[in-house]
Amino acid sequence: MSDSDNKHNREDYLRMYRQMVRIRTFEDNANQLYLSAKMPGLTHMYSGEEAVAVGICEALTDSDRITSTHRGHGHCVAKGADFQAMFCELLGKEEGYCRGKGGSMHIADQSHGNLGANAIVGGSMGIATGSALRAKMQKSDDVTVCFFGDGATAQGLLYEVMNMAALWNLPVIYACENNGYSEYTATAEIAAGSITDRARAFGIEAFEVDGQDVLAVNELARELTGRCRRGEGPFFIELQTYRYHGHHVGDINREYYRSKDEEKAWKEDRDPIEKFTQWLTDEGIASTDELEALKAEIRDDAAAAVDYALEAKYPDTHEVDMHVFAD
């Protein structure tokens with residue numbers, strides 16, 4: 001865990017901890033909904049990557065925008081999403097963020113600047129860059145963060161938008177969550193050379209950071225968002241992280257592409273929540289009992305939200321073409 005630079009107070013640290021635990025708890029519940037056949041379709045777990053979403057989103061304001069991915073629950077929660085509306089969306093209920101029509105991979109929350117998750121690999125890169133262009137043309141000081149996985153660096157769209165962003169100095173941060181695997185293939189087998197050098201080829205400053213260290217991620221994110229607001233963007237970050245689950249919830253037998261020993265090592269030695277827990281207690285910011293009480297509160301909140309969503313109403317059939325065409 002990186003050293004504190006004393007720019008945070010106790011409330012800031014505990015909020016980051018709370019958000020990380022909220023993401024892990026949400027994913028645990030979403031996984032159980034799938035395994036118990038109560039949730040339609042597939043979902044892609046964010047567990048293990050919590051420090052990335054929280055470290056970055058804690059550097060943003062509600063006016064700042066993000067675009068997300070098929071593995072997007074963590075980004076949604078970190079940007080301010082509510083458990084109840086999230087679970088309603090996963091279960092196809094009308095009180096979901098998209099009235100149950102988006103499901104796990106298409107959640108958007110405009111009230112908190114979340115422009116939406118996207119099931120197309122790299123599909124939101126153009127949206128994020130367009131958002132940054134809009135900010136520059138309107139002379140607004142908001143910043144857009146584009147989350148995507150290492151596999152998306154093979155998409156040609158990334159290079160088109162980085163070229164435009166660099167030419168026009170757009171306030172956008174491209175955040176590559178390198179969790180070591182592109183679906184079922186090791187990143188090293190599909191990505192030649194350095195990922196950050198791909199951004200540097202366009203004259204974009206690129207950084208690498210430990211994605212399991214929420215303080216290191218947050219420190220870099222605060223620096224780069226500040227520079228974006230001063231017209232110094234765009235920027236590129238490669239965040240080294242790890243997904244605990246398979247590519248999706250149905251990807252259970254993973255030994256043909258990664259070992260159990262590898263998974264165990266990441267969980268035991270590099271878990272982002274445990275690392276932050278240790279730092280908080282070592283620094284005397286919070287006691288173990290306080291943090292456990294916070295976890296219990298979040299578990300209760302999630303359980304209540306799941307119960308509510310299970311009983312909530314489905315959209316009426318007349319809504320089938322609502323929001324498809326403009327009035």
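In every chain, residue numbers begin from 1 and rise along the written sequence. Per-residue local features are limited, in this predicted model, to residues with pLDDT of at least 70; the limit for side-chain atom pairs, both in listing and counting, is 80 or more; totals at the level of whole chains, interfaces and linings are taken over all residues. Hydrogens and water are ignored here; the side-chain numbers use all heavy atoms of the structure.

Visitor: Just checking my understanding: could you explain the overall build of the protein chain for this structure?
Guide: Secondary structure elements are defined from DSSP: runs of H or I of at least 4 residues count as helices, runs of E of at least 2 residues count as strands, and each element is numbered from the N terminus. Each helix and strand in the protein chain was counted, giving 12 helices and 7 strands. On C-alpha atoms alone, the protein chain measures out to a radius of gyration of 19 Å, which is about the 20 Å that the 2.2 N^0.38 rule sets for 327 residues. On the principal axes, the C-alpha backbone points of the protein chain span a range of 55 × 50 × 45 Å. Counting all 327 residues of the protein chain, 53% fall into the buried class. Only C-alpha atoms enter the radius of gyration, while the globule expectation follows 2.2 Å times N to the 0.38, with N the number of residues. The classification of residues rests on relative accessible area computed with a 1.4 Å probe and restricted to protein chains. Under 20% of the type maximum is buried, over 50% is exposed, and intermediate values are partly exposed.

Visitor: What is the right way to look at a nonpolar patch on the surface in this model?
Guide: Each patch groups residues whose relative accessible area exceeds 30% and which form no salt bridge, using 9 Å between like charges and 5 Å between nonpolar side chains of Val, Leu, Ile, Met, Phe, Trp and Tyr. Only the protein chains shown count as covering a residue, and every accessible area follows the Shrake-Rupley method with a 1.4 Å probe. In what follows, salt bridge is the name for a side-chain nitrogen of Lys or Arg lying within 4 Å of a carboxyl oxygen of Asp or Glu. On the surface, Met164, Leu167 and Trp168 cluster together into a nonpolar patch covering about 310 Å² of accessible area. By the secondary structure assignment, Met164 is in helix α6 (residues 156-168). Relative accessible area serves as the criterion here: at 32%, Met164 is assigned to the partly exposed category.

Visitor: Is there a simple way to explain the packing of aromatic side chains in this structure?
Guide: Each pair of aromatic rings is reported with the distance of its centres and the angle of its planes. Stacked, tilted and edge-to-face pairs are distinguished by plane angle, under 30 degrees for stacked and over 60 for edge-to-face with tilted covering the rest, among Phe, Tyr and Trp rings (Trp via its six-membered ring) whose centres lie within 6.5 Å. In the structure shown here, the tally under the stated rule is 13 aromatic pairs. Taken together, a centroid distance of 5.7 Å and an interplanar angle of 75 degrees make the contact between Tyr184 and Tyr257 edge-to-face. One end of the pair, Tyr184, is in the loop between β4 (181-182) and β5 (185-186); the other, Tyr257, is in the loop between β7 (235-240) and α10 (260-269), and 73 residues separate them in sequence. Owing to a relative accessible area of 13%, Tyr257 belongs among the buried residues under this scheme. Arranged with centres 4.7 Å apart and planes meeting at 10 degrees, the rings of Tyr242 and Trp266 form a pair that is stacked. With Tyr242 in the loop between β7 and α10 and Trp266 in helix α10, this pair connects stretches of sequence that are 24 residues apart. Comparing Tyr242 with Trp266, the two get one shared label, buried. Above the plane of the ring of Phe83 lies Arg22, whose end atom (NZ or CZ) is 4.3 Å from the centre. Any Lys NZ or Arg CZ that is within 6 Å of a ring centre and within 35 degrees of that ring's normal is treated as a charge sitting over the ring.

Visitor: Could you clarify how one ought to interpret the state of the cysteines in this entry?
Guide: Every disulfide links exactly two cysteines, by a covalent bond between their sulfur atoms. By disulfide we mean two sulfur atoms from cysteines, separated by a distance within 2.5 Å. Across all of its chains, the model carries 0 disulfides by this definition. Of all cysteine sulfurs, the one in Cys146 lies closest to Cys176, which takes part in no disulfide; the gap is 9.9 Å. Between Cys228, a cysteine without a disulfide, and Cys146, which holds the nearest cysteine sulfur, the sulfur-to-sulfur distance is 13 Å. Note on Cys228: relative accessible area 4%, which makes it buried.

Visitor: Explain the packing of helix α1 (residues 10-35) against helix α9 (residues 214-229) here, please?
Guide: Each pair of packed helices can be described by the angle between their axes along with the distance between the axes. To obtain each axis, a line is fitted to C-alpha atoms, and for helices this fit is confined to the stretch in contact; angles are then taken between N-to-C directions over 0 to 180 degrees. The contact between α1 and α9 brings their axes to 12 Å, and the two run at 115 degrees. Between α1 and α9, the angle falls in the class roughly perpendicular. Two packed elements cross with a definite hand, and for α1 against α9 that hand is right-handed. For the pair formed by α1 and α9, the contact residues are Tyr13, Met16 and Met20 on the first element and Val214, Leu215 and Asn218 on the second. When grouped by side-chain class, the residues that make up the contact of α1 with α9 number 5 nonpolar, 1 polar and no charged. Roughly parallel here means an angle under 35 degrees, roughly antiparallel means over 145, roughly perpendicular means 65 to 115, and every remaining angle is called oblique. When the near helix sits turned anticlockwise from the far one by under a right angle, the crossing is termed left-handed; a clockwise turn instead gives a right-handed crossing. By definition in these notes, contact holds between two residues if any of their heavy atoms fall within 4.5 Å. Each residue gets one of three labels, nonpolar for Ala, Val, Leu, Ile, Met, Phe, Trp, Tyr, Cys and Pro, charged for Asp, Glu, Lys and Arg, and polar for the others, Gly among them.

Visitor: Just to check I follow, could you spell out the pattern of salt bridges for this structure?
Guide: Pairing of side chains with opposite charge becomes possible as their charged atoms draw close. As enumerated under the stated definition, the model contains 24 salt bridges in all. Salt-bridge contacts for Asp12 lead to Arg15; the nearest nitrogen and oxygen are separated by 3.0 Å. Residue Asp12 and its partner Arg15 are both found in helix α1; the two are separated by 3 residues, about one turn of the helix.

Visitor: Please clarify how the packing of α1 against helix α2 (residues 50-57) should be interpreted in this entry.
Guide: Contact geometry of α1 with α2 gives a least axis separation of 9 Å together with a crossing angle of 140 degrees. Taken together, α1 and α2 sit at an angle that is classed as oblique. For the pair α1 and α2, the crossing hand works out as right-handed. Facing Met16, Gln19, Met20, Ile23 and Arg24 of α1, the residues of α2 in contact are Glu50, Ala51, Ala53 and Val54. Among the residues making up the contact of α1 with α2, the classes are represented as 6 nonpolar, 1 polar and 2 charged.

Visitor: Explain the sheet that holds strand β1 (residues 65-67) here, please?
Guide: Note: strands within a sheet are paired through backbone hydrogen bonds, in either parallel or antiparallel orientation. A pair of strands is labelled paired if DSSP reports no fewer than 2 bridges between them. Read from one edge to the other, the open sheet built from 5 strands follows the order β1-β2-β3-β7-β6, with strand pairing classed as parallel. Sheet topology places β1 and β6 (205-210) at the edges, where each strand pairs with a single neighbour. Each adjacent strand pair in this sheet contributes to an overall mean axis angle of 20 degrees, direction not counted. The sheet contact formed by β1 and strand β2 (residues 144-149) spans 3 bridges and is parallel. If you follow Arg65 over to β2, its bridge partner there is Thr144. Against the sheet, α9 contacts β3 (172-178), β6 and β7, and its axis sits at roughly 160 degrees relative to β6.

Visitor: So what exactly am I meant to see when it comes to the layout of surface pockets here?
Guide: Once rolled over the atoms, a probe with the size of a water molecule shows which space is left empty. Any residue with an atom within 4 Å of a point lines the site, the site being either a cavity, points on a 1 Å grid over the protein atoms alone where a 1.4 Å probe fits but cannot get out, or a pocket, an open set with protein on both sides within 12 Å along at least 5 of 7 lines. Grid points are joined across faces, edges and corners, and a volume is the space filled by probe spheres set on the points. Of the voids in this model, the largest pocket is the one considered here, and its volume is about 290 Å³. If you trace the largest pocket, you find 23 residues lining it, with His70, Val121, Gly149, Gly151 and Ala152 closest to the centre. Counting residues per element, the ones that place at least two in the lining of the largest pocket are β2 and β4. In terms of residue count, β2 provides more of the lining of the largest pocket than any other element does, 3 residues in total. Taken as a whole, the second largest pocket encloses approximately 160 Å³ of empty space. Taken together, Val21, Arg24, Thr25, Asp28, Asp271, Ile273, Glu274, Lys295 and Arg299 form the lining of the second largest pocket. Elements that contribute at least two residues to the lining of the second largest pocket include exactly α1, α11 (272-282) and α12 (288-311). At 4 residues, the largest contribution of residues to the lining of the second largest pocket is made by α1. When its residues are assigned to classes, the lining of the second largest pocket shows 2 nonpolar, 1 polar and 6 charged.

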